[in-house]
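Observations on the model geometry
In case you want the letters, here they are:
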Amino acid sequence: MYYPINEMFQTIQGEGYYTGTPSIFIRLQGCPIHCKWCDTKYTWTCLDRNEISYDELIKKNTPSSKWSSANVKKILFYIKQKKWTAKHVVITGGEPCIYDLSYLTEELEKQGYKCQIETSGTQLVQCSLNTWVTVSPKKNQNTLRAAILRSNEIKYPVLKKEDLLYLDKILLVLKNTKKHHISLQPISQNKEALDICIKKCTINNWRLSIQLHKYLLIQ
Ligand code: SF4
């Protein structure tokens with residue numbers, strides 16, 4: 001199975017439960033959600049005219065809509081070529097769950113990697129049983145019940161106090177289920193959003209996800 005890769009890079013996971021974990025990010029091209037405040041808008045469309053070769057992908061160092069098709073073998077070769085040592089792989093986008101990620105996650109696990117998927121929860125989550133699934137619901141989008149139940153973690157972006165109402169609806173689905181890790185993430189380092197998140201996290205004993213990489217000025 002081939003996946004449209006926008007970029008791959010090694011860095012420190014800056015969000016959610018695995019904050020601080022050395023990670024290899026695989027960013028897939030394509031997202032039908034189109035959030036207003038999205039910081040990866042260049043991943044939305046997957047146009048044929050933007051397809052590049054594997055060699056061009058390796059050299060790509062600025063964000064753009066260019067993508068290259070790769071299977072697991074090529075992805076593993078890429079990691080080896082770059083001599084990356086992180087053992088945590090984050091599959092993100094775009095919206096990675098528009099693709100069936102079962103084979104990719106299973107094969108990466110066979111090579112000793114721990115997989116994490118970051119998804120909006122609007123698509124069916126297809127991945128290995130051991131994959132850590134981070135659902136980041138987008139207000140007023142159709143977050144699937146099945147995706148919420150499959151998640152290990154809910155990471156919710158907040159700008160205004162009213163945004164929390166949609167989270168309450170999501171959490172109703174999780175009532176009486178296994179313990180989930182919940183974190184609130186202020187959008188775009190907005191001060192008002194940060195205050196709202198700190199207050200709500202403190203009351204509920206949830207985590208604050210601050211997008212550490214943006215403070216460290218790393219990718
Ligand atoms: S779901 Fe994610 S990638 Fe898609 S538009 Fe929203 S923030 Fe951007």
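In this text the structure is predicted, and so the values were computed from the model without any measurement.

Considering the pattern of salt bridges
Throughout the structure, instances matching the rule amount to seven salt bridges. Across the pair arginine 27 and glutamate 7 runs a salt bridge, and its minimum N-O distance is 2.7 Å. Of this pair, arginine 27 sits in strand β2 (residues 22–28) while glutamate 7 sits in strand β1 (residues 3–12), and the two are 20 residues apart along the sequence. Each member of the pair arginine 27 and glutamate 7 is classed as buried. Between lysine 191 and aspartate 195 there is a salt bridge, with the nearest N and O atoms lying 2.8 Å from each other. One end of the pair, lysine 191, and the other, aspartate 195, are both in helix α6 (residues 191–204), four residues apart, so they sit about a helical turn from each other. Aspartate 195 gets classed as partly exposed once you look at its relative accessible area, which sits at 38%.

Thoughts on the UniProt feature "binding site: substrate" (unreviewed entry) in the protein chain
Under the UniProt annotation, the feature "binding site: substrate" (unreviewed entry) is placed at Ile12, Gln13, Gly14, Arg27 and Thr92. Take isoleucine 12: it is sitting in strand β1. The buried category is assigned to arginine 27, whose relative accessible area is 11%. The residues touching arginine 27, leaving out its near neighbours within four places in the chain, are Pro4, Ile5, Asn6, Glu7, Phe9, Thr40, Tyr42, Thr43, Thr92 and Gly93.

Points about unusual backbone geometry
Following glycine 93, the chain continues into glycine 94 via a peptide bond in cis, with omega recorded as 10 degrees. With respect to the helices and strands, the residue glycine 94 is situated in the loop between β4 (88–92) and α3 (102–110). Of note in the backbone geometry, lysine 83 takes a positive phi value of approximately 60 degrees without being a glycine. A positive phi is found at asparagine 140, a non-glycine position, where the angle reads about 65 degrees. With respect to the element layout, asparagine 140 can be found in the loop between β6 (132–135) and α4 (145–150). A residue is classified by how much of its surface remains accessible, and asparagine 140, at 64% relative accessible area, is exposed.

The rules behind the values
Throughout, residues of each chain are indexed from 1 in the direction in which the sequence is written. For this predicted model, a pLDDT threshold of at least 70 governs which residues receive local features, and a threshold of 80 or more governs which side-chain atom pairs are given and counted, while totals over whole chains, interfaces and linings are taken from all residues. Working from all heavy atoms in the structure, the side-chain values ignore hydrogens and water. We define a salt bridge as a side-chain nitrogen of Lys or Arg found within 4 Å of a carboxyl oxygen belonging to Asp or Glu. What counts as a helix is a DSSP run of H or I of at least four residues, what counts as a strand is a run of E of at least two, and both are numbered from the N terminus. Burial classes follow relative accessibility: with a 1.4 Å probe on protein chains only, a residue under 20% of its type's maximum area counts as buried, one over 50% as exposed, and anything between as partly exposed. UniProt positions are given in the numbering used here, feature names are shortened, and annotations may be inferred rather than shown by experiment. When checking whether two residues touch, look at their non-hydrogen atoms; a contact exists if any pair is within 4.5 Å.

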